[in-house]
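Observations on the model geometry
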Amino acid sequence: CGHSGHLKQQPPSRDILLEHDLESKAALEATRRNAEIAAIELRARGGSPRRRLKQARLIADEQKQVRDAKEPERQEQELWETMLAKNRLAKQRERDSLAPRTPRWGSLCPGS
């Protein structure tokens, strides 16, 4: 079996890539089987995958409309919060600039 010697000479990264490819294909096949089973069960209960997809799209559209309607309010709230934070920072800097400039270490040393 001179063939096995040929496989051992391949870099180990090829084996890892091949293993990863096989795992991906197996996961994809399992997902496909699960989706097929779910579609069969849905049809058995009188549903339709297309109808479910249509319902999901309608729900997503409604959710998007709600988000879009709330977006200006959210942006205004964010703007106010930003302005308030800048104002607080400016007032803090103003208070700091008016405070006496005594170094912290100087207040601990007697006689300085």
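These remarks concern the structure in this document. Values in this document were obtained by computation on a predicted structure and should not be read as measured data. Positions within a chain are numbered from 1, following the residues in the order the chain's sequence is written. Under the rules for a predicted model, residues below a pLDDT of 70 receive no local features and side-chain atom pairs below 80 are neither given nor counted, while totals for whole chains, interfaces and linings still include all residues. Each side-chain value is derived from all of the structure's non-hydrogen atoms; neither hydrogens nor water enter the calculation.

We now examine the pattern of salt bridges. By salt bridge we mean one thing: a side-chain nitrogen of Lys or Arg within 4 Å of a carboxyl oxygen of Asp or Glu. Going through the model one piece at a time under the given rule, you end up with seven salt bridges. For E36, the salt bridge goes to R32, with nearest N and O atoms at 2.7 Å. On the criterion of helical spacing, the pair formed by E36 and R32 is a turn pair, its members being four residues apart in helix α2 (residues 12-44). Residue R32 is classed as partly exposed on the basis of its relative accessible area of 43%. D68 is the partner of K64 in a salt bridge, and the nearest nitrogen-oxygen pair spans 2.9 Å. Of this pair, K64 and D68 are both found in helix α3 (residues 49-98), four residues apart, which corresponds to roughly one turn of the helix. Taking relative accessible area as the criterion, K64 reaches 43% and is therefore assigned partly exposed. Classification of D68 as partly exposed rests on a relative accessible area of 44%. In this structure, a network of salt bridges that share partners links the residues E29, R32, R33 and E36. Here a strand is any run of E in DSSP of at least two residues, a helix any run of H or I of at least four, and the numbering for each starts at the N terminus. Buried means the residue's accessible area, taken with a 1.4 Å probe over protein chains only, is under 20% of the maximum for its type, while exposed means over 50%, and partly exposed covers the values in between.

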